[in-house]
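Chain residues, written in single-letter form:
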Amino acid sequence: MAIIAWRNLQLTIGGVTLYFSKKTMEPVQEEQTSVWMCSNEECSCWMRENFSLDRTPDCPICHASMVKNIKMLPLLQNHHQKTY
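Before going into details, it helps to say that this report is about the structure given with it.

What follows covers unusual backbone geometry. Here His 63, not a glycine, exhibits a phi torsion of approximately 70 degrees, which is positive. When you line up the elements, His 63 lands in the loop between β5 (46–48) and β6 (66–74). The exposure class of His 63 is exposed, given its relative accessible area of 61%.

Attention now moves to the side chain of Arg 48. Along the polypeptide, Arg 48 turns up in strand β5. Buried Arg 48, no salt bridge; nearest opposite-charge side chain is Glu 31, N-O distance 5.7 Å. A polar atom in the side chain of Arg 48 sits 3.0 Å from the backbone oxygen of Pro 74. Each residue touching Arg 48, except ones within four places of it in the same chain, is listed here: Thr 33, Ser 34, Val 35, Leu 73, Pro 74 and Leu 76.

Attention now goes to the side chain of Thr 33. With respect to the helices, strands and loops of the structure, Thr 33 is situated in strand β4 (residues 30–38). On the accessibility criterion, Thr 33 (8% relative accessible area) is buried. Residue contacts for Thr 33: discarding those within four places in its chain leaves Arg 48, Asn 69, Ile 70, Lys 71 and Leu 73.

In this section: the pairing of β4. In this structure, β4 lies alongside β6, joined through nine bridges in antiparallel fashion. Residue pairing across strands places Thr 33 opposite Lys 71, the latter belonging to β6. Bridge analysis of β4 against β5 gives three bridges, and the strand direction is antiparallel. Residue Trp 36 lies in a different strand from β5, and its bridge partner there is Met 47.

Judged by nonpolar contacts, Trp 36, Cys 38, Cys 43, Cys 45, Met 47, Cys 59, Ala 64 and Met 66 together constitute the single largest core of eight residues. Beyond its immediate stretch of four places on either side in the chain, Cys 45 contacts Trp 36, Met 37, Cys 38, Cys 59, Pro 60, Ile 61 and Met 66.

Parameters and conventions
Numbers given for residues are sequential positions, taken from 1 along each chain in its written order. Only residues with pLDDT of at least 70 are given local features in this predicted model, and only at 80 or more are side-chain atom pairs given and counted; all residues enter the totals for whole chains, interfaces and linings. As a convention, hydrogens and water are excluded, and side-chain values are obtained from all of the structure's heavy atoms. Segments assigned H or I by DSSP are reported as helices when at least four residues long, segments assigned E as strands when at least two residues long, and all are numbered from the N terminus. For every residue, the accessible area (1.4 Å probe, protein chains only) is compared with the maximum for its type, and the residue is labelled buried under 20%, exposed over 50%, or partly exposed between those bounds. Asp and Glu count as negative and Lys and Arg as positive, but His and the ends of the chain are not part of the count. Should a side-chain nitrogen of Lys or Arg be within 4 Å of a carboxyl oxygen of Asp or Glu, the pair is scored as a salt bridge. For the purposes of these results, a polar contact is taken to be a pair of N or O atoms within 3.5 Å, where, inside protein, one atom must be able to donate a hydrogen and its partner to accept one; residues adjacent in sequence count only when each atom of the pair is a side-chain atom. Contacts were defined at the residue level, with two residues in contact if any of their heavy atoms lie within 4.5 Å. Two strands are counted as paired when DSSP detects at least two bridges linking them. Definition of nonpolar core: a set of buried residues of the types Ala, Val, Leu, Ile, Met, Phe, Trp, Tyr and Cys, connected through side-chain atoms within 4.5 Å.

Okay, structure coming up:
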């Protein structure tokens, strides 16, 4: 016998009752975010501008220069201030 409740499942098999619960997922808020993208077309590296350690960073993967761009990304806060 299975009893289904809102987002919960109770299942009894051979006298053993199992409970399953699935949390409801809230949609992730996204915003246009300034990022650094690798200028090398063969490299897919990018980083958020407010998480970079340099004013004009080089790619940490292929060491090419990086260019500014915009991406739609989940909202993230960086509470550390840059010191450069």
